[in-house]
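Structure at a glance
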Amino acid sequence: MDNIFFLSCFLPLALVAHWVIPGVKGKNAVLLVFSLLFYSFGSLTSLALLVSVALVNYLLGLLLRRGTCKKAALTIGLVLDLAFLGFFKYADFVLSGIFGLPPMGMGLTVPLGISFFTFKCISYLMDAYRDGNQATGSFWKLLLYISFFPQITMGPITRFREFAPQLESRTLAVENMAMGLRRFAAGLGKKIIIAGTVASVADGVFALETVDARLAWAGAVCYCLQLYFDFSGYIDMVIGLGTCFGFATRENFNYPYTAVTVGDFWRRWHMSLSAWFKDYLYIPLGGNRKGELRAGINKTIVFLLCGLWHGAAWTFVLWGLWHGLFSMLESLNVIPAKKLESGKGRIAGHIYTLLVVCIGFVMFRAGSVAQGLQMIAAIFTGFRFTAAGTVALFRLLNAETLLVTAMGIALSCPVSKKLLALPRMGKLADRLSYLGALALLVLCIIKMAAGDFAPSIYAQF
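What you are looking at is a predicted structure, and each value in this text was computed from that prediction instead of being measured.

**What to know about the overall build of the protein chain**
Helix and strand counts for the protein chain come out as 20 helices and 0 strands. Its C-alpha atoms give the protein chain a radius of gyration of 23 Å, within 12% of the compact-globule value 23 Å for 461 residues. Considering only C-alpha atoms, the protein chain reaches an extent of 65 × 55 × 50 Å along its principal axes. The contacts of the protein chain with a sequence gap of at least 6 include a subset with a gap of at least 24, amounting to 76%. Accessible surface, the protein chain: about 20,900 Å² in total, of which carbon and sulfur atoms supply 69%. Distance between charge centres in the protein chain, computed from 39 positive and 22 negative side chains, equals 7 Å.

**What to know about the environment of A202**
Here A202 is to be found in helix α8 (residues 174–206). Owing to a relative accessible area of 0%, A202 belongs among the buried residues under this scheme. Along the backbone, A202 and I21 are 181 residues apart, and their C-alpha atoms lie at a distance of 46 Å. Residue contacts for A202: discarding those within four places in its chain leaves G219, C222, Y223, Q226 and R365.

**Structural notes on the packing of helix α15 (residues 346–365) against helix α16 (residues 369–381)**
Following both chains from N to C, one finds α15 and α16 inclined at 145°, their axes separated by 8 Å at the closest point. Of the residues in α16, those in contact with L355, I359, V362 and M363 of α15 are V369, G372, L373, M375, I376, I379 and F380. A breakdown of the residues in the contact of α15 with α16 according to their chemical character gives 10 nonpolar, 1 polar and no charged.

**Examining the environment of G77**
Turning to its location among the elements, G77 is positioned in helix α4 (residues 70–98). When sequence neighbours within four positions are dropped, the list of residues in contact with G77 reads L60 and L125.

**A look at the nonpolar core**
One finds F6, F117, F119, F149, W269, F277 and F361 to be the most contacted residues of the largest nonpolar core, which totals 131 residues. Excluding anything up to four places from it in sequence, F361 contacts Y223, C224, L227, Y257, F265, W269 and W319.

**Some words on the environment of A17**
You can see A17 is positioned in helix α1 (residues 4–20). In this structure A17 touches V30 and F34, once residues within four positions along its chain are discounted.

**Concerning helix α2 (residues 24–40)**
The end-to-end C-alpha distance of α2, which contains 17 residues, comes to 24 Å, matching closely the 24 Å that a straight helix rising 1.5 Å per residue would cover. Looking at α2, one finds that the buried residues are K27, N28, V30, L31, L32, F34, S35, F38, Y39 and S40. Considering only its buried residues, α2 is in contact with α1, α3 (44–66), α5 (114–130), α6 (139–147) and α7 (160–168).

**Quick word on a nonpolar patch on the surface**
The grouping of V16, W19, V20, I21 and V174 at the surface amounts to a nonpolar patch, some 460 Å² of accessible area in total. The element that contributes the greatest number of residues to the nonpolar patch is α1, accounting for 3 residues. Given a relative accessible area of 32%, I21 falls into the partly exposed group.

**A word on the packing of aromatic side chains**
The description of an aromatic ring pair rests on the distance of the ring centres and on the angle between the ring planes. Following the criterion strictly, the structure yields 50 aromatic pairs and no others. Ring geometry for F10 and F34: centres 5.4 Å apart, planes at 80°, overall edge-to-face. Remark: F34 occurs in helix α2 and F10 occurs in helix α1; sequence separation between them is 24 residues. With respect to class, F10 is no different from F34; both count as buried. Seen from the ring of Y129, K70 lies directly overhead, with NZ or CZ sitting 5.2 Å from the centre.

**Some remarks on helix α18 (residues 399–411)**
Each α-helix winds once per 3.6 residues, and so residues spaced three or four apart point in a common direction. Its 13 residues place the ends of α18 18 Å apart at the C-alpha level, agreeing with the 18 Å of an ideal helix rising 1.5 Å per residue. Along α18, the residues classified as buried are T401, V404, T405 and G408. Seen along its axis, α18 keeps its buried residues to an arc of 105°; they face one direction. The exposed residues of α18 that point more than 90 degrees off its buried face are A399 and L403. Where α18 is buried, its residues contact α8, α9 (213–244) and α17 (387–396). Its side-chain oxygen at 3.1 Å from the backbone nitrogen of E400, N398 defines the N-terminal cap of α18.

**Some points on the packing of α6 against α7**
Packing of α6 against α7 leaves a shortest axis separation of 10 Å and a crossing angle of 120°. By the angle between their axes, α6 is oblique relative to α7. As for the relative orientation of α6 and α7, their crossing is right-handed in sense. Note on element contacts: α7 touches α6 through F160, F163, L167 and E168, opposite K141, L142, L144 and Y145.

**Quick notes on the state of the cysteines**
What the rule picks out here adds up to 0 disulfides. Counting only cysteine sulfurs, C224 is the nearest neighbor of C222, a cysteine outside any disulfide, at a range of 9.4 Å. On the basis of relative accessibility, which here comes to 2%, the residue C222 falls in the buried class.

**Digging into the side chain of S43**
Tracing the chain through its elements places S43 in the loop between α2 and α3. With a relative accessible area of 19%, S43 lands in the buried category. A distance of 3.2 Å separates a polar side-chain atom of S43 from the backbone nitrogen of T45.

**Describing unusual backbone geometry**
Most of the time, phi is negative for any residue but glycine, and the peptide bond is trans. Cis rather than trans, the peptide bond between G155 and P156 has omega equal to 5°. Note on placement: P156 falls in the loop between α6 and α7. Here the phi dihedral of C69 falls at roughly 50°; this positive angle occurs in a residue that is not glycine. Mapped onto the elements, C69 comes out in the loop between α3 and α4. Overall, the relative accessible area of 54% leaves C69 in the exposed class. Look at Y255: it is not a glycine, yet its phi comes out positive at around 45°.

Thresholds applied
Residues numbered from 1 in each chain as written. Predicted model: local features only at pLDDT ≥ 70, side-chain atom pairs only at ≥ 80, totals over all residues. Heavy atoms only, no water. Helix = DSSP H or I, 4+ residues; strand = E, 2+ residues; numbered from the N terminus. Rg over C-alpha atoms; globule rule 2.2 N^0.38 Å. Contact = heavy atoms within 4.5 Å. Areas by Shrake-Rupley, 256 points an atom, 1.4 Å probe, with all protein chains shown as cover. Lys, Arg positive; Asp, Glu negative; His and termini not counted. Charge placed at Lys NZ, Arg CZ, Asp CG, Glu CD. Buried < 20%, exposed > 50% of the residue type's maximum accessible area, 1.4 Å probe, protein only. Axes fitted to C-alpha atoms, helices over the stretch in contact; angles between N-to-C directions. Nonpolar A, V, L, I, M, F, W, Y, C, P; charged D, E, K, R; others polar. Core = buried A, V, L, I, M, F, W, Y, C linked by side-chain atoms within 4.5 Å. Expected span 1.5 Å × (residues − 1). Patch = residues over 30% accessible without salt bridge, like charges linked within 9 Å, V, L, I, M, F, W, Y side chains within 5 Å. Salt bridge = Lys/Arg side-chain N within 4 Å of Asp/Glu carboxyl O. Phe/Tyr/Trp six-rings, centres within 6.5 Å; stacked < 30°, edge-to-face > 60°. Lys NZ or Arg CZ within 6 Å of the ring centre and 35° of its normal. Arc of directions from axis to C-beta. Polar contact = N/O pair within 3.5 Å; in protein donor to acceptor, adjacent residues only side chain to side chain. Parallel < 35°, antiparallel > 145°, perpendicular 65-115°, else oblique. Left-handed = near helix turned anticlockwise from the far one by under 90°. Disulfide = S-S within 2.5 Å.

Structure follows, in structure tokens:
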């Protein structure tokens, strides 16, 4: 969604067609056509696979809807969905990274957004297993749910029970269209201007063979900002487009860098994924019903699989285990989460959580475990400064990157939310925000036309 063709051609056509075609069924048909067209730009083979996955899950959903062979239908569906995800995303990692065998080398292209739409299918089947009425008798509705183009590449992971009622009835209004486009522009600005600018610092640091503490901290902080503004910016775009088409989309971020514990962080970061793991893995494993130790183990399992969900590499596995470790320590009260969340302990909680998250994201970003460990070591011990390091630091941290980094840090906190809550500030800011959104959109298009931005990070997942 962050390219010139999408903004200048695809999106305007989709909005106009959806607006002028009468009736909710006609509008759904428009969205389905544009969603399949959007996905086909990546690969026709991937489109065929997407439709096949939707068809299989639809047929299994019919069995669940009728109450026929429910356990068998659910088991077959879960095995097929996970096998599909595993084959395309993890086969080479298992062969080479675990068993030391040569990768298959089949040259297969991983279908776009496979991690997101596979999890949608799993949630659909599990909800239908628990309540057959959650399954649909319409293949086209399920296909639109899975392929809906604003969400297909990076989520959020919505549930069919949230999406389906809006296929039956939704409201379109000029005011909603304006608000949706404003939020879309804000998200595009976060992605192109903030994430794109700090990405140059993060990429520059991680491309260096050796770094000192100054460079390591600069790279770590800028990558944390890049990841947040890239992904949250995209989600803003998704929510904005959903509003334009009459859909309400769940929020996915709530100022995660203001968290005071790791548990609090995951209640604020990628909330749809956290909710998915909680509902379909953590609670079925027993949740916290079997004591603190078992709850900690369950959380570790969840975070291990969360790491693998993000990518087939040991860096993601270690990132998941890192968060699982601290979640377990908080569950066992080794790290006193309740005290950190109280008034007196919140400052210590902020520092602790930001440090854990930042160190974890260094490993998440690293090209290898060795590079990740080298960067983490430099953060804490790299105090031998050289002239080459100083030159690299000043080359990366120029006036623009410093200004945008400061802006990113400020916007990571609910500063704008508090300003809008001030008396007489809300209405004025609301009116000016539309002009600001227009100016932001123009600036983003200029930067995109110049190719001066980084590709979306979460598209690879």
